[in-house]
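Overview (structure and organization)
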Amino acid sequence: MPNDNQKQYLWWQDGLIYQIYPRSFQDSNGDGIGDLKGILQRLGYLKELGVKAIWISPIYPSPMADFGYDISDYTAIWPIFGSMEDFDELLKQIHAAGMKLILDLVPNHSSDEHPWFIESRSSKDNPKRDWYIWKDAKPDGSAPNNWLSVFGGSAWEWDAHTQQYYYHAFLVKQPDLNWRNPAVVNAMLDVMRFWLDKGVDGFRVDAMWHMVKDQQWRDNPRNPDYKEYMATYEQLLPVYSTDQPEMHDIAATMRHLLDEYQERLMIAEIYLPVHRLVAYYGTQAREEAHLPFNFMLIALPWDAQKIAAAIDEYEAVLPDDNWPNWVMGNHDQPRITSRVGGQQSKIAAILLLTLRGTPTLYYGDEIGMRDVPIPSDEIQDPQGLNMPGKNLSRDPERTPMQWDSSSNSGFTTGKPWLRLDSTARRRNVEVQATIAFSHLALYKSLIGLRQSEPSLMTGRYQPVYADSQLLAYIRESEGHTAFLIVLNLTHRPCYFAPRTIRFKGLVIVDTFPEQLNLSVQDKIDLSGDEGVVVRLDEWQSISSNPSHELSPHK
Ligand code: NOJ
C-alpha cells in the first residue's frame, strides 16, 4: 500500500461539500425566494469559509409539489431561480473561484407534469407507457400490493382514464420511473451528459435505493417496531420496494458515464444500514458511487460510546481504498442544533470536521441555525401536511439563511417564502463574524486547520477512548503532525486520562477560551460541552492490547 505522502487525493476527498437549499440561501430580486444570482452574490462568503464544492438542491422546472424534487424538465432552469444564462454564469464563477458545483439528480421519479408521464398516462399503448410503473388492480379493485408512500398513504394511485394503478414512492405527483426499461436508463444518461457537458462537477443522486423494485411485486412485511408517532411509511419494512440487487448494475452504468469525464463525482442518497450502504461503492472491477452518503451521525443517538462504535464499524467495513464521508444535516432532517442543543452542536462541528472522510455541511449549520417553529397554518412541506400532528414537516430546517441584522436578515427585500428564525437579528453571519467563540469562528478555524494539516485532511483515524461522556481519537499521517481530538458529549465535566496513550501537546481548538493555547500532558480536564483539538508534540501507545496498539511518534 502506498503511504499517505505518495497518495494523490481528489477534490472531493480532501475538500468540504456545502449544501445549499436554493429557495432559502439568498434572494436577489425581492420575490422572497432564493435564486441563482443570489448564490452568485454569496460565493465570496463560501470561498472564505473554505468550501470546496457546492451542492445545490434541485433548480429545475417543477410544479413544486415537493419543492423541486418533482421535476417537469430535467434540462432547464425554473424561472424563479433564474435562467440558463444565470446558471452558466454561476458555474463559471464557481470554477473561477476554484470551487466545484454538484447538482441534484432525481432519477427515481419525475413530476406527473413531465411530458414523459403525460404521454405515459395518455393510453395503455402509448410508447412511453412502460417508462413508468403501471399495474392492474387486484380482482377486488384494490392496489397491486401493500406498499406505502414515504409521504403517507398508499404508494399506488388509480388512474381512472386508463384503468390501472401507477406507483409513486413519494407523492402522487411524483410517479416512479421504470428503471427496468432501458429507454429510461438511456434518457437519464442523456440528462447527465447534458449537465456534464456544461462542466458540472458531479451529482447527488436522489433516493438511489428506491430506484429498482422487486420484479414480483411482493408485499412488504410489517415492521414490528412501528410506533404511532412514526411516519406511516414505517409501518412496513421496505424489503421489496427498495435496495434491490439490480440497482447495482444501474449505479455502475451511471458511474461508467461519469468516468468518461474528468474527475466528476457521484454521491448517492441512501438510507440503509452500513453494511448495505457500503455495497453502493461497488467493487474494484465495477465501481458505483464515489460517496454513498453516510447518515450515521444523523441517525445515531448523541451518545459517545454508540458513536465511537459506529465510527469503528464504518471504518472497518469500508471496502479497500474507498473514501469515507460524513453528513451532520440536510434539508430532510432536523438541524443538529435542534437535536443536541447549541453548545453540543459545536462538539458536532468538531466531530464532522475531524473525522476521516469528506464532510458535508448543511447551509446555516456553520452559524448554529436551529429549526424554526412554523405555525400549522404556514406549513408548506407535503410530508408535514400529509401526516399532520406528527411534527414531520421539514420546513423548520429549510428557513432562510441568516446573513445580517437587517430586516429579513439580508435574505430578501420581499416577503420570505418561509418565516425566518425570531433570533435572526442576533444569530447571523455578520454578528458571529465579530465574536471570538461563535459557531462561525469555530467552523472557520476547524476548516482552516483541516485544509492545512495533512493528518486532519486525509490521515488515518485511530480510536483512543470512549465512555458514557467522552469520545477521543487521533488523526495522523506519516511525516506530519498528529492531532488528538477529545470531545465531551455531555453537559457535565469529565476527565480524559487514558491508560492507553501518553501524550504532550497544545490545545489549538477549543469550544471555550480558557484552555485554548495551553499545553497538556497525559490528561485533560474538560468542562461540560467542551471539545478540544490538541496538536501533538509527542505521543506513545502504552496499550497492553495489541489490537489497540498505536505506533510511537515524535
Ligand atoms: C429525498 C430528498 O432529499 C427529499 O427532499 C425529497 O422529498 C425526496 N427524496 C423525494 O425526492
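Scroll up to find the structure.
A brief look at the structure comes next. (Residues numbered from 1 in each chain as written. Predicted model: local features only at pLDDT ≥ 70, side-chain atom pairs only at ≥ 80, totals over all residues. Heavy atoms only, no water.)

Here we look at the overall build of the chain
Assigned secondary structure in the chain consists of 16 helices and 19 strands. What you see for the chain is a C-alpha radius of gyration of 24 Å, in line with the 24 Å of a compact globule of 554 residues. A principal-axis box enclosing the C-alpha atoms of the chain has dimensions of 75 × 55 × 50 Å. For the chain, the proportion of its 554 residues judged to be buried stands at 60%. (Helix = DSSP H or I, 4+ residues; strand = E, 2+ residues; numbered from the N terminus. Rg over C-alpha atoms; globule rule 2.2 N^0.38 Å. Buried < 20%, exposed > 50% of the residue type's maximum accessible area, 1.4 Å probe, protein only.)

As for the side chain of E530
You can see E530 is positioned in the loop between β18 (524-526) and β19 (531-541). No salt bridge is formed by the buried E530. Its closest oppositely charged neighbour is K346, at 11 Å. Looking at E530, its side chain comes within polar contact range of the side chain of Q515, at 3.3 Å. (Lys, Arg positive; Asp, Glu negative; His and termini not counted. Salt bridge = Lys/Arg side-chain N within 4 Å of Asp/Glu carboxyl O. Polar contact = N/O pair within 3.5 Å; in protein donor to acceptor, adjacent residues only side chain to side chain.)

Examining the packing of helix α6 (residues 182-198) against helix α7 (residues 247-258)
Two elements in contact, α6 and α7, have axes separated by 10 Å at closest approach and are oriented at 30 degrees. In terms of their interaxial angle, α6 and α7 are classed as roughly parallel. Here α6 runs over α7; the crossing is right-handed. From α6, V185, L189, M192, R193 and L196 reach across to α7, where they touch T253, M254, L257 and L258. Here the contact of α6 with α7 is composed, by residue class, of seven nonpolar, one polar and one charged. (Axes fitted to C-alpha atoms, helices over the stretch in contact; angles between N-to-C directions. Parallel < 35°, antiparallel > 145°, perpendicular 65-115°, else oblique. Left-handed = near helix turned anticlockwise from the far one by under 90°. Contact = heavy atoms within 4.5 Å. Nonpolar A, V, L, I, M, F, W, Y, C, P; charged D, E, K, R; others polar.)

Comments concerning the sheet that holds strand β11 (residues 358-362)
Pairing is parallel across the open sheet formed by eight strands, whose spatial order is β9-β8-β7-β3-β2-β1-β11-β10. At either margin of the open sheet sits one strand with a lone partner, and together these are β9 (291-292) and β10 (325-327). Of the strand pairs in this sheet, strand β7 (residues 202-205) and strand β8 (residues 265-268) are connected by four bridges, and their pairing is parallel. Along β8, the bridge assignment pairs F203 with M266. Against the sheet, helix α4 (residues 84-96) engages β2 (53-56) and β3 (100-105), with an angle of about 135 degrees to β3. (Pairing = 2+ DSSP bridges.)

Structural notes on the pattern of salt bridges
Taken as a whole and assessed by the stated rule, the structure comprises 33 salt bridges. Two residues, R276 and D243, come together in a salt bridge whose shortest N-O distance is 2.8 Å. A residue pair is termed long-range when its members are at least 10 positions apart, and R276 in helix α8 (residues 274-277) and D243 in the loop between β7 and α7 qualify at 33 residues. Salt bridges sharing common partners tie together D66, D332, D381, R394 and R398.

A look at the packing of aromatic side chains
As enumerated under the stated definition, the model contains 31 aromatic pairs in all. Where W147 meets Y167, the ring centres are 5.5 Å apart and the plane angle is 75 degrees; that geometry is what we call edge-to-face. Taken together, the residues W147 in the loop between β4 (134-135) and β5 (156-159) and Y167 in strand β6 (residues 164-167) connect sequence positions 20 residues apart. Taken individually, W147 and Y167 each receive the classification buried, so the pair is uniform in this respect. (Phe/Tyr/Trp six-rings, centres within 6.5 Å; stacked < 30°, edge-to-face > 60°.)

A word on helix α15 (residues 439-452)
In an α-helix, one full turn covers 3.6 residues, which means residues spaced three or four apart are oriented alike. Taking 1.5 Å of rise per residue, 14 residues should cover 20 Å, and α15 covers 20 Å from first to last C-alpha, within 8% of that figure. Among the residues making up α15, those that are buried are H439, L440, L442, Y443, L446, I447, L449 and R450. (Expected span 1.5 Å × (residues − 1).)

Overview of the pairing of β11
Of all five residues in β11, five are buried, a share of seventy percent or more. Of the strand pairs in this sheet, strand β1 (residues 17-20) and β11 are connected by three bridges, and their pairing is parallel. Looking across to β11, one finds that Q19 is bridged to Y362.

Describing the site of the ligand
Around the ligand, the surrounding shell consists of D66, Y69, H109, F151, F170, R204, D206, E269, H331, D332, R394 and R398. In this structure, H331 approaches the ligand through a side-chain N or O atom, which is 2.8 Å from an oxygen atom. Residue composition of the shell around the ligand, by class: three nonpolar, two polar and seven charged. (Near = heavy atom within 4 Å.)

Describing the sheet that holds β6
Taken in spatial order, the three strands make up an open sheet running β4-β6-β5, and their pairing is antiparallel. Only two strands of the sheet have a single neighbouring strand rather than two, namely β4 and β5. Strand direction decides the pairing type here: β5 and β6, joined by four bridges, are antiparallel. Counted as the bridge partner of D159 is Q164 from β6.

What is shown is where atoms sit, not what they do.
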